[in-house]
Amino acid sequence: MDRAARVYIAGHNGMVGSALVRRLQQAGYTNILTRTRAELELLDQAATHAFLAQEKPDFIFMAAAIVGGIHANNTLRADFIYQNLMVEANLIHGAWLAGVQRLCFLGSSCIYPRDCPQPIKEDYLLTGPLEPTNEPYAIAKIAGIKLCESCNRQHGTKYFSVMPTNLYGANDSYDLASSHVLPALIRKAHEAKQRGDNELAVWGSGKPMREFLFVDDLADACVFLMEKGITDGFYNVGTGKDVTIRELAEIVMSVVGFAGRIVFDATKPDGTPRKLLDVSRLREIGWQARTPLREGIALAYRDFMARHGG
Ligand code: GFB
């Protein structure tokens, strides 16, 4: 990919979008297009189509989405399906109308059936029922994959998708009501340490298993696929390793330096028991994750301290 190519990053202020900006700048891309939400409302079809027709990017990364942890997914169900479907429809259809040939759509590992075999291969999509706590979000993300695939089949575009596992890193959300487990535990452990508590509340049973990918590794994978000239289909992006939520809490506590007791809150849902991605499709074409979990958590904690610490 020419370093002067016009690359539009939808959602550049979010955790994934900002990691993509960092990665592209580091690789020497000089024509990165961004718009804040105040400048361009992606829920507005006319505004989105006009922007794409005017700017005609060579490549689009679709990192704009309404996202959140298990509680936000489970309670803001209408927002999660409606807003994600609208943004995807406006951007993907608008990209085709504007003659944008290449695009990378960002999905999520929750698109796969709740009880599918582990590790999860890309081929398991649409082979069984979804996890109920995030079904509306997953349906919207599956629609995004299918919009890309269908646009390729009917119109000859070259749109592909990536399915990251649970992400964490710089610019994550630390709002305890809507965040994912890893940033929530960083914040809770930090505040517990500051208060001198002797307990840390962890939702659910602590038994579910999750795989965590440092967001800069995801950005690296996306740019790798763009530069490789991938034109269709979708790729799992993960580390290939998972931990229980209890193990995760223990690592976070040790990084933060909080030595209290873990107390499980059974009134909160566990969600899917396990979702470990099979990452062999991506490994076979030459990419694998680099950041070990403990090292990534230390970097995330440093980012938390810089933005919210005290
Ligand atoms: O990260 P998380 O919110 O989302 O929760 P999912 C993962 C697990 O951590 C669940 C437990 O079993 C939670 O009950 N957990 C423990 C906590 N303590 C906490 C806490 O303080 N906060 C949170 N949030 N969880 C989301 C999906 O599922 O993952 C999305 O809803 C998306 O659609 C995203 O796919 C990556 O991993 O369960």
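Residues numbered from 1 in each chain as written. Predicted model: local features only at pLDDT ≥ 70, side-chain atom pairs only at ≥ 80, totals over all residues. Heavy atoms only, no water.

Chemist: Is there a simple way to explain helix α5 (residues 135-155) in this structure?
Modeler: The α-helix advances 3.6 residues per turn, and as a result positions three or four apart in sequence lie on the same side. Taking 1.5 Å per residue as the helical rise, α5 with its 21 residues ought to reach 30 Å, and the 29 Å between its terminal C-alpha atoms agrees with that figure. If you check which residues of α5 are buried, you get Pro136, Tyr137, Ala138, Ala140, Lys141, Ile142, Gly144, Ile145, Cys148, Glu149, Cys151 and Asn152. Residues of α5 that are buried sit in contact with α3 (70-75), α4 (77-97), β4 (102-106), β5 (158-164) and β10 (234-237). (Helix = DSSP H or I, 4+ residues; strand = E, 2+ residues; numbered from the N terminus. Expected span 1.5 Å × (residues − 1). Buried < 20%, exposed > 50% of the residue type's maximum accessible area, 1.4 Å probe, protein only. Contact = heavy atoms within 4.5 Å.)

Chemist: Help me understand the pattern of salt bridges in this model?
Modeler: Oppositely charged side chains are able to pair whenever their charged atoms sit close together. Under the defined criterion, the tally for this structure stands at 20 salt bridges. Across the pair Arg3 and Glu227 runs a salt bridge, and its minimum N-O distance is 3.6 Å. With Arg3 in the segment before β1 (6-10) and Glu227 in helix α7 (residues 215-228), the pair connects residues that are 224 residues apart, well separated along the chain. Take Arg3: its relative accessible area is 38%, and that puts it in the partly exposed class. The class of Glu227 is partly exposed, set by a relative accessible area of 34%. Across the salt bridge formed by Asp265 and Lys268, the nearest N and O atoms sit 3.4 Å from each other. (Salt bridge = Lys/Arg side-chain N within 4 Å of Asp/Glu carboxyl O.)

Chemist: For this particular structure, what's the right way to read the site of the ligand?
Modeler: Of all residues adjacent to the ligand, which total 22 residues, the nearest are Ile70, Lys188, Arg210, Pro269 and Asp270. In this structure, Lys188 approaches the ligand through a side-chain N or O atom, which is 2.7 Å from an oxygen atom. Between an oxygen atom of the ligand and a side-chain N or O atom of Lys275, the distance comes to 3.2 Å. In isolation the ligand exposes 710 Å². Once the protein is present, 97% of that is buried. At 3 residues, the largest contribution of residues to the shell around the ligand is made by helix α6 (residues 181-195). In terms of residue class, the shell around the ligand is made up of 10 nonpolar, 8 polar and 4 charged. (Near = heavy atom within 4 Å. Polar contact = N/O pair within 3.5 Å; in protein donor to acceptor, adjacent residues only side chain to side chain. Areas by Shrake-Rupley, 256 points an atom, 1.4 Å probe, with all protein chains shown as cover. Nonpolar A, V, L, I, M, F, W, Y, C, P; charged D, E, K, R; others polar.)

Chemist: Is there a simple way to think about the nonpolar core in this case?
Modeler: If you look at soluble globular proteins, the nonpolar side chains tend to sit buried side by side. If you look at the biggest cluster of nonpolar residues, it comprises 40 residues, and the most contacted ones within it are Tyr8, Leu103 and Tyr112. When contributions to this core are tallied by element, the ones reaching two or more residues are β1, α2 (45-55), β3 (59-62), α4, β4, α5 and β5. Per-element accounting of this core gives the leading share, 6 residues, to α5. Of all hydrophobic cores here, the second largest spans 33 residues; its members include Met15, Ala63, Val215 and Val237. (Core = buried A, V, L, I, M, F, W, Y, C linked by side-chain atoms within 4.5 Å.)

Chemist: Quick question: what am I supposed to make of the pairing of β5 here?
Modeler: Counting buried residues along β5, 6 of its 7 residues qualify, which places the element largely inside the surrounding structure. Sheet topology note: the β4/β5 ladder contains 5 bridges and is parallel. Bridged to Leu106 within β5 is Val162. With respect to chirality, the unit in which β4 leads through α5 into the neighbouring parallel β5 is right-handed. Summarising the sheet, β5 and β10 pair through 4 bridges and their orientation is parallel. Bridging from a neighbouring strand, Ser161 pairs with Phe234 of β10. (Pairing = 2+ DSSP bridges. Right-handed = clockwise from strand over helix to strand, strands pointing away.)

Chemist: Quick question: what am I supposed to make of the sheet that holds β10 here?
Modeler: Two strands in a sheet stick together by hydrogen bonds in their backbones, pointing the same way (parallel) or opposite ways (antiparallel). In spatial order, the strands read β2-β1-β3-β4-β5-β10; together these 6 strands make up an open sheet with parallel pairing. A strand with exactly one partner marks an edge of an open sheet, and here the two such strands are β2 (31-33) and β10. On average, adjacent strands in this sheet sit at an angle of 20° to one another, irrespective of strand direction. Sheet topology note: the β1/β3 ladder contains 4 bridges and is parallel. For Val7, the partnering residue across the bridge sits in β3 and is Phe59. Where helix α1 (residues 15-26) meets the sheet, its contacts fall on β1, β2, β3 and β4, and the angle it forms with β1 comes to roughly 160°. This element, α4, spans β1, β3, β4 and β5 of the sheet and lies at about 170° to β3. (Axes fitted to C-alpha atoms, helices over the stretch in contact; angles between N-to-C directions.)

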